[in-house]
Protein chains: 2
Amino acid sequence: MSDQTPDLDALRAANPEHWRRAGAIRTLTLDAVAAANSGHSGMPMGFADVATVLWEKHLKFDASRPDWPDRDRFVLSAGHGSMLLYSLLHLTGFPEMTLQQLKDFRQLGAITAGHPEYGHAPGIETTTGPLGQGIATAVGMAIAEERLRARYGRKVVDHRTWVVAGDGCLMEGVSQEAIALAGHLKLSHLVVLFDDNGITIDGQVGLTDSTDQKARFKASGWQVLECDGHDPAAIDAALEQAKKGQKPTMIACKTHIALGSALQDTGKGHGAITDPDMVAATKRAYGWEGAAFEIPDDIKKQWEEIGTRGSQARAEWEVRFAEMGASRKAEFERARRGEAPKKLSATIKALKRQVSESAPKVATRKSSEMVLEVVNPIMPETMGGSADLTGSNNTLTHDMGIFSADDRKGRYLHFGIREHGMAAALNGIQLHGGVKAYGGTFMCFADYARPAMRLSALMGTPVTYVMTHDSIGLGEDGPTHQPVEHLAMLRATPGMNVFRPCDTVETAEAWELALTSQSAPSVLSLTRQGLPTLRTEHTNKNMVAQGAYTLAEAEGKRVAILLATGSEVAIALEARKLLQEDGIGTRVVSMPCWELFAEQEEKIRKRVLPAGPVRVGIEAAARFGWDRWLVGERGKANKADFVGMEGFGASAPAGALYEHFGITAEEVARRVRALL
Amino acid sequence: MSDQTPDLDALRAANPEHWRRAGAIRTLTLDAVAAANSGHSGMPMGFADVATVLWEKHLKFDASRPDWPDRDRFVLSAGHGSMLLYSLLHLTGFPEMTLQQLKDFRQLGAITAGHPEYGHAPGIETTTGPLGQGIATAVGMAIAEERLRARYGRKVVDHRTWVVAGDGCLMEGVSQEAIALAGHLKLSHLVVLFDDNGITIDGQVGLTDSTDQKARFKASGWQVLECDGHDPAAIDAALEQAKKGQKPTMIACKTHIALGSALQDTGKGHGAITDPDMVAATKRAYGWEGAAFEIPDDIKKQWEEIGTRGSQARAEWEVRFAEMGASRKAEFERARRGEAPKKLSATIKALKRQVSESAPKVATRKSSEMVLEVVNPIMPETMGGSADLTGSNNTLTHDMGIFSADDRKGRYLHFGIREHGMAAALNGIQLHGGVKAYGGTFMCFADYARPAMRLSALMGTPVTYVMTHDSIGLGEDGPTHQPVEHLAMLRATPGMNVFRPCDTVETAEAWELALTSQSAPSVLSLTRQGLPTLRTEHTNKNMVAQGAYTLAEAEGKRVAILLATGSEVAIALEARKLLQEDGIGTRVVSMPCWELFAEQEEKIRKRVLPAGPVRVGIEAAARFGWDRWLVGERGKANKADFVGMEGFGASAPAGALYEHFGITAEEVARRVRALL
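Residues numbered from 1 in each chain as written. Chains lettered and ligands numbered in written order. Predicted model: local features only at pLDDT ≥ 70, side-chain atom pairs only at ≥ 80, totals over all residues. Heavy atoms only, no water.

Named according to an unreviewed UniProt entry, chain A is Transketolase originating from Jannaschia aquimarina. Check the Catalytic activity (unreviewed entry) section of the UniProt entry for chain A; it says "D-sedoheptulose 7-phosphate + D-glyceraldehyde 3-phosphate = aldehydo-D-ribose 5-phosphate + D-xylulose 5-phosphate". (UniProt positions renumbered as here; feature names shortened; annotations may be inferred.)

Rendered as structure tokens:
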């Protein structure tokens with residue numbers, strides 16, 4: 001290993017066939033980036049040797065069956081190097097990844113997006129690009145593997161998660177959360193290949209970082225190895241050693257970014273090499289002949305053989321899987337498809353019936369626990385956790401057991417004070433398949449989890465975020481802990497269902513929708529403070545599924561409509577009482593999920609929000625976004641108002657804060673009267 | 001040092017006076033938490049000894065002059081232990097921190113909020129509570145100190161930043177960004193006191209973490225010390241050693257959370273001890289007599305002497321400061337007050353005039369650079385940087401120099417791939433005083449920076465976030481890098497000004513507002529792609545200050561109003577042309593800052609957005625929030641439409657994406673016609 005400029009001819013001479021295989025990745029990258037006139041050439045060029053050895057000798061996969069549950073997961077955390085992944089998928093024969101797709105790199109409609117996008121093609125195990133996400137997501141995949149191995153046995157679940165991470169990934173704070181969690185949990189099937197090229201966009205890593213990454217990983221309990229990332233034998237030995245560890249392994253692979261080009265070992269080499277002369281010169285330096293996108297037949301054949309290398313193992317696995325008991329197989333498959341068990345519906349209905357009768361006054365975070373207490377026993381595929389707020393988020397139920405280094409059968413994760421790492425791990429658990437993931441924190445700390453939550457929405461991973469203490473109702477902890485703009489932030493995010501249930505019945509309905517979601521993450525916005533049960537008349541129908549509905553109809557002429565969510569629905573009902581006492585016919589609409597309501601047909605939306613009456617929205621949060629329902633949807637600007645927060649909260653008991661900020665039934669009634 | 005339960009009597013006997021001083025913190029904490037019936041008792045009880053020795057012997061401060069610029073900064077990153085800070089401020093005689101305030105802990109209107117809130121009282125140097133923020137903010141304070149020391153000399157700037165951080169702070173990813181950055185920059189005036197009590201809310205730290213924190217800090221270039229956190233001599237020795245280092249120092253202070261109570265060394269001890277018997281028993285164990293909130297006179301006197309300990313040094317500093325040249329003094333004071341230099345206004349006007357004449361077609365990120373190129377030379381108090389996207393964010397100007405371990409005169413910070421750490425550091429730089437901070441990243445990565453950006457808004461720190469590549473106009477990097485909901489997220493945040501300028505002139509005006517802001521952070525939402533100059537007629541008036549204004553008036557009868565921001569204003573003008581060609585009188589309103597427009601009088605808002613015409617909003621982002629302007633403000637639901645994004649973006653050249661998502665002049669014109 002050396003920091004010197006490598007001698008390409010010597011590398012080539014030492015391992016001629018390997019060199020050509022790796023060269024296929026390098027030149028496809030050069031060609032695709034040149035064709036797109038944008039992209040990141042340097043990373044695939046630098047890391048091609050490591051990737052080649054990994055895929056050739058260690059990665060367990062079968063290109064013809066990318067959905068094989070027991071495959072190894074390959075996560076390109078350094079997602080800007082997407083051409084590395086696309087090249088590997090194409091060369092090894094993943095059917096979707098045609099040569100044409102490579103030629104259409106970064107073009108509209110191609111599956112070869114600038115960064116790997118989950119869902120675009122088999123073999124892309126997760127969306128990466130925002131740095132640090134891949135490594136943190138991979139921790140979740142490794143957790144899921146451990147849990148399923150404990151549940152189904154080593155014969156059917158025994159695979160690894162391989163992550164390629166660069167300096168950027170390791171500088172992002174989320175990587176520390178991931179590293180510490182993985183080390184603590186002794187996730188020995190997790191291997192991080194650190195592309196140690198010493199370069200970031202701004203220049204030498206030395207410009208911004210002096211961290212001894214190896215010491216850092218060791219400090220969190222990792223096995224740490226290193227190798228010359230251009231020496232196939234050294235790479236192979238390190239990968240072999242990685243598989244033997246009892247801890248997660250990090251291999252620092254010393255590489256040269258943009259190897260062999262004029263931009264080698266420079267910040268510019270991180271980006272797109274598009275100059276035709278430079279591309280040509282680099283190919284010559286590789287000893288590569290032929291036209292753009294042309295791979296010699298013998299090299300393509302070698303790669304295709306690599307693509308079928310796992311087929312035998314896969315076939316053997318299928319035999320072992322077939323030998324499992326029928327019910328276990330069915331259970332395995334059901335969970336893998338992300339289908340809730342049939343009895344979930346009846347379980348939720350029974351809880352709703354019971355609760356609508358007993359009408360408890362509880363915080364919706366407690367309601368959520370009541371749901372989980374009946375759900376977790378019938379859904380053994382759930383894994384839940386909290387970022388060090390277990391007792392506050394009410395996420396732990398009696399039957400779960402704690403997942404730890406010593407107990408892989410446990411289903412509950414103490415994530416530590418790592419909201420971001422938790423959210424990314426939830427994505428990974430969910431993406432792995434076979435497990436249904438949820439995790440809790442205070443809603444305000446959605447801020448910390450946000451980059452990973454956005455990826456949940458973008459990928460459509462149906463994880464559930466249990467976000468308690470969802471307003472000034474949190475009380476004394478004060479404005480740093482009181483969400484104001486967070487509902488807006490989450491609702492503005494495409495592809496995410498934000499539920500703010502008003503009582504235990506709505507919480508049960510929201511959980512049912514979250515647990516049966518196949519393609520959207522769910523956020524449950526839950527209170528710290530106790531709320532009365534408002535749905536005291538049982539209905540089998542899941543009313544939350546409609547997004548918004550009439551909870552209490554006006555008596556007499558309908559003059560006003562109060563729209564509210566969560567903890568403010570009870571206030572709306574109180575206000576309705578005050579108004580009805582004065583003969584002002586008032587409807588109360590509960591709006592637990594804007595997204596689902598927006599999806600309803602006009603007919604239904606019109607029934608809930610007819611033209612005419614004055615409208616007042618009530619939510620202990622920013623008005624931002626509310627005008628859609630207050631002024632839009634047949635509303636009128638001069639007949640609409642909103643009772644909520646106009647700035648940040650304050651530190652005081654919850655009741656005092658509601659009074660202070662004027663979020664009271666009296667104020668709502670006053671606003672309605674002012675509009676009449 | 002021992003993990004054994006400490007012998008309180010022995011501790012007391014060994015250092016009787018120290019024990020009583022520390023006891024004052026402990027008992028005030030017990031009393032305040034009991035009175036509030038909520039809060040966090042354990043941390044102040046455990047850390048009182050370290051805090052006592054620090055304030056007694058090392059912290060440079062003068063309670064009577066908390067605004068002394070050369071004071072040490074004390075940052076309670078473990079903000080839940082707020083009673084530690086409030087007790088210290090009260091005991092040492094900070095005038096605002098009266099005993100009554102302690103009695104009103106966590107009550108409405110008190111300055112003693114659940115977590116320390118910047119601005120509530122002198123001595124609270126920053127808002128903490130969201131874990132990890134304090135340590136990351138402190139890095140910025142230490143950077144500012146180094147920079148100002150280089151600029152004004154050691155005689156007037158020579159102080160330290162002390163941080164108290166717990167396991168929670170160190171588990172949060174942002175702490176890694178802070179630690180790595182501080183170690184790299186060799187911020188030797190930064191000392192982190194790690195409250196190493198082995199407890200988090202969920203229980204033993206061992207439940208969630210196995211990290212060797214000392215090794216982790218060493219890996220990033222820190223001096224690492226440790227001490228028994230209940231032994232005053234050992235604490236003193238460690239603090240003394242910390243001041244000698246050439247690197248930042250971390251001292252692992254082994255402590256017992258909730259020392260001396262029945263909840264000592266437990267997760268429950270982290271929270272509120274409110275049981276009267278337990279409070280009484282704990283005080284007895286301390287050997288403490290007297291009623292609640294009662295501090296023996298001699299102890300209060302000792303503490304008040306500590307509070308005046310720095311008055312001599314402060315007086316000497318004032319002499320040295322007075323000896324500085326008049327212009328240097330004036331400059332120091334001006335920057336400290338956060339006042340822009342008088343010539344800023346003329347400089348901006350000159351640039352506007354020049355640009356409105358030359359009418360360049362440039363991306364607004366480039367416009368921003370053009371502004372900084374004329375501003376940085378006349379504002380030597382600016383420090384800017386980027387999270388490894390210097391060449392993309394255009395944040396570096398020719399005269400800045402690079403701030404590094406070797407060059408403290410440099411004003412440009414290579415923050416590394418650490419958006420969150422950067423944002424927190426910007427807060428710290430700004431809070432320190434004397435420096436005006438800005439930092440850049442891609443707007444999508446506001447997600448990473450979000451927790452610290454929220455604190456900017458909550459504290460009112462007027463930092464500037466330069467957020468480039470602010471839409472699908474980013475192009476090929478794809479949906480992970482394309483903001484869609486981020487404008488909504490930022491606009492929904494109280495106390496933040498979000499600017500989305502349409503050309504270089506508006507960019508200059510936005511920068512002027514950001515640079516003169518005293519109490520609000522600013523976000524500049526800037527394009528990657530080139531935009532024409534639209535403000536080709538020079539006006540001295542800062543039009544962006546109005547938030548929204550008529551850029552192009554309708555010819556003939558005003559039938560339609562197009563509302564647009566940033567890159568879509570040019571599209572609006574094109575659409576206007578198409579419509580006017582058909583005789584449809586169309587006004588174009590540029591809305592570079594919603595917040596400032598919302599603050600305008602009704603009269604002005606009405607002039608810009610009169611009732612009557614159809615309205616179409618155009619922004620390459622989610623509609624979320626737009627209805628306020630389209631349907632509200634005299635608008636009508638059936639006469640309003642929006643052209644923008646309905647979901648996530650895609651990977652393709654920018655032009656193709658605008659076509660694909662229908663954000664074109666033709667589409668805008670079509671929508672207008674459909675409403676007529």
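> How should the sheet that holds strand S3 (residues 190–196) of chain A be read in this particular structure?
Sheets are built from strands that pair by backbone hydrogen bonding, the pairs being arranged parallel or antiparallel. All names here are of chain A. Ordered in space as S1-S2-S3-S7-S6, the five strands form an open sheet in which the pairing is parallel. Looking at strand neighbours, the two that pair on one side only are strand S1 (73–76) and strand S6 (223–228), the edges of this open sheet. Each strand of the sheet is rotated relative to its neighbour by a mean of 20°, with strand direction disregarded. Two elements, S3 and strand S7 (residues 249–254), share six bridges in a ladder whose sense is parallel. The residue bridging Val192 from the neighbouring strand is Met250, located in S7. Against the sheet, helix H3 (residues 42–58) touches S1, strand S2 (161–165), S3 and S7, its axis set at about 150° to S3. (Pairing = 2+ DSSP bridges. Helix = DSSP H or I, 4+ residues; strand = E, 2+ residues; numbered from the N terminus. Axes fitted to C-alpha atoms, helices over the stretch in contact; angles between N-to-C directions. Contact = heavy atoms within 4.5 Å.)

> What's the story with the pairing of strand S11 (residues 464–468) of chain B in this structure? I'm lost.
The two faces of a sheet get side chains in turn, since along a regular strand they alternate between them. Residues and elements named next belong to chain B. By the criterion of burial, S11 is predominantly enclosed, with five of the five residues buried. Burial of the side chains of S11 extends over both faces: Thr464, Val466 and Thr468 are buried on one face and Tyr465 and Met467 on the other. As judged from the five bridges shared by strand S10 (residues 436–442) and S11, these two strands associate in the parallel manner. Across the sheet, residue Tyr438 finds its bridge partner in S11, namely Thr464. In the classification by handedness, the crossover that spans S10, the intervening helix H19 (residues 446–459) and the parallel S11 is right-handed. Both S11 and strand S13 (residues 522–525) contribute to a ladder of four bridges, which runs parallel. Note that in S13 the partner of Met467 across the bridge is Ser525. (Buried < 20%, exposed > 50% of the residue type's maximum accessible area, 1.4 Å probe, protein only. Right-handed = clockwise from strand over helix to strand, strands pointing away.)

> Would you explain the relation of the copies chain B and chain A in this entry?
One copy of the chain maps onto the second through a rotation around an axis plus a translation along that axis. Expressed as a screw operation, the relation of chain B to chain A combines 0.0 Å of axial shift with a rotation of 180°, fitting to an RMSD of 0.0 Å. Such values leave the two copies arranged in the relation of a two-fold axis. When C-alpha positions in chain B are compared against the rotation axis, the closest is assigned to Gly173 of chain B, at 1.9 Å. Residue by residue, 100% of the interface of chain B is reproduced at the interface of chain A, so both copies engage with the same surface. (Least-squares fit on C-alpha atoms with pLDDT ≥ 70 in both.)

> Explain the UniProt feature "binding site: thiamine diphosphate" (unreviewed entry) in chain A here, please?
Feature annotation in UniProt assigns "binding site: thiamine diphosphate" (unreviewed entry) to the following positions: His80, Gly129, Pro130, Leu131, Gly168, Asn197, His270 and Phe445 of chain A. The named residues occupy 366 residues along the chain; their greatest pairwise C-alpha distance, 34.1 Å, places them well apart from one another. Relative to the helices and strands, Leu131 of chain A resides in the loop between helix H5 (99–103) and helix H6 (133–152). Take Leu131 of chain A: its relative accessible area is 17%, and that puts it in the buried class. Not counting residues up to four positions away in its chain, the partners in contact with Leu131 of chain A are Ser77, Ala78, His80, Gly168, Cys169, Glu172 and Val174 of chain A together with Ile417 and Tyr448 of chain B. With respect to the element layout, His270 of chain A can be found in the loop between S7 and helix H11 (276–286). Sequence-distant contacts of His270 of chain A, that is, excluding residues within four places in its chain, are made with His40, Ser41, Gly42, His80, Ile201 and Ile257 of chain A.

> Mind showing me how you'd approach the nonpolar core here?
Side chains of nonpolar character tend, in soluble globular proteins, to be buried together. One finds Met453 of chain A together with Met453 of chain B to be the most contacted residues of the largest nonpolar core, which totals 150 residues. Filtering out sequence-adjacent residues up to four positions away, Met453 of chain B remains in contact with Ala423, Ala446, Tyr465, Met467, Leu490, Met496 and Val523 of chain B. Counting residues in hydrophobic clusters, the runner-up holds 107 residues, among them Met543 and Leu562 of chain A together with Ala564 and Ile663 of chain B. (Core = buried A, V, L, I, M, F, W, Y, C linked by side-chain atoms within 4.5 Å.)

> I keep staring at the pattern of salt bridges and nothing clicks. Help me out?
Side chains that differ in charge, positive against negative, can pair when their charged atoms come close. All names here are of chain A. The tally for this structure, following the rule as stated, stands at 102 salt bridges over all chains. For Asp67, the salt bridge identified is with Arg65, shortest N-O distance 3.3 Å. Taking relative accessible area as the criterion, Arg65 reaches 28% and is therefore assigned partly exposed. Linked through salt bridges whose partners overlap, the residues forming this network are Asp62, Arg65, Asp67, Arg314 and Glu318. (Salt bridge = Lys/Arg side-chain N within 4 Å of Asp/Glu carboxyl O.)

> Is there a simple way to think about the interface of chain B and chain A in this case?
Reports of interface size often rely on the accessible area that becomes lost once the parts have come together. Counting residues at the interface gives 94 residues for chain B, matched by 94 residues for chain A. Interface area for chain B against chain A, summed over the two sides, is near 7,600 Å², with a carbon-plus-sulfur share of 60%. When the area that chain B buries against chain A is broken down by residue, the three leading residues are Tyr448, Arg454 and Phe624 of chain B, summing to 10%. Along the contact surface separating chain B from chain A lie ten salt bridges. In this structure, Arg454 of chain A and Glu485 of chain B form a salt bridge, with 2.8 Å as the shortest nitrogen-oxygen distance. At the junction of chain B with chain A, the criterion picks out 52 residue pairs in polar contact (both at pLDDT 80 or more). For the side of chain B that touches chain A, the element with the highest residue contribution is H19 of chain B, accounting for eight residues. Here the residues of the side of chain B that touches chain A are counted per class, giving 40 nonpolar, 34 polar and 20 charged. (Buried area = accessible area lost by both parts, 1.4 Å probe. Polar contact = N/O pair within 3.5 Å; in protein donor to acceptor, adjacent residues only side chain to side chain. Nonpolar A, V, L, I, M, F, W, Y, C, P; charged D, E, K, R; others polar.)

> For this particular structure, what's the right way to read the environment of Gly433 of chain B?
One can find Gly433 of chain B in the loop between helix H18 (419–432) and S10. Along the primary structure Gly433 of chain B and Leu579 of chain B are separated by 146 residues, whereas in three dimensions their C-alpha atoms are 52 Å apart.

> Please clarify how the pairing of S13 of chain B should be interpreted in this entry.
All names here are of chain B. Alternating positions in S13 separate into two faces, Ser522 and Leu524 on one and Val523 and Ser525 on the other, with burial throughout. Pairing between strand S12 (residues 497–499) and S13: three bridges, direction parallel. Looking at the pairing, Asn497 lines up with Ser522 of S13. With helix H21 (residues 504–516) bridging S12 and its parallel neighbour S13, the resulting β-α-β unit is right-handed.

> I would appreciate a short explanation of the sheet that holds strand S6 (residues 223–228) of chain B in the present structure.
All names here are of chain B. An order of S1-S2-S3-S7-S6 is seen for the five strands of this open sheet, with the pairing classed as parallel. Across the chains shown, the open sheet's two edge strands, defined by having one partner strand only, are strand S1 (73–76) and S6. Sheet twist, expressed as the average angle between the axes of neighbouring strands with direction ignored, equals 20°. Note: S1 against strand S2 (residues 161–165), four bridges, orientation parallel. Counterpart to Val75 in the pairing with S2 is Val163. Set on the sheet, helix H3 (residues 42–58) makes contact with S1, S2, strand S3 (190–196) and strand S7 (249–254); between it and S3 the angle comes to about 150°. Where helix H10 (residues 232–244) meets the sheet, its contacts fall on S2, S3, S6 and S7, and the angle it forms with S6 comes to roughly 170°.

> Is there a simple way to think about the packing of helix H2 (residues 16–36) of chain B against helix H12 (residues 297–308) of chain B in this case?
Between two packed helices, what matters for the description is the angle formed by their axes and the separation of those axes. Residues and elements named next belong to chain B. Taken N-terminus to C-terminus, the directions of H2 and H12 make an angle of 90°; their axes are 10 Å apart at the nearest point. In terms of their interaxial angle, H2 and H12 are classed as roughly perpendicular. Residue-level inspection shows Glu17, Arg20, Arg21, Ala24 and Ile25 of H2 in contact with H12, the latter providing Asp298, Ile299, Gln302, Trp303 and Ile306. Looking at the contact of H2 with H12, its residues break down into five nonpolar, one polar and four charged. (Parallel < 35°, antiparallel > 145°, perpendicular 65-115°, else oblique.)

> For this particular structure, what's the right way to read H19 of chain B?
Structural remark: α-helix, 3.6 residues per turn; residues separated by three or four positions point the same way. Residue and element names in this part refer to chain B. Largest kink in H19: about 45°, centred on Ala452. With respect to burial, H19 is a largely interior element, 14 of its 14 residues being buried. Phi turns positive one or two residues past the end of H19, at Gly460, with a value near 75°. (Bend = angle between axes of the 7 residues up to and from the residue.)

> Can you walk me through the packing of aromatic side chains in this structure?
Tallying each qualifying case throughout the model produces 37 aromatic pairs over all chains. Lying across the ring of Tyr286 of chain A, Arg26 of chain A places its NZ or CZ 5.8 Å from the centre. (Phe/Tyr/Trp six-rings, centres within 6.5 Å; stacked < 30°, edge-to-face > 60°. Lys NZ or Arg CZ within 6 Å of the ring centre and 35° of its normal.)

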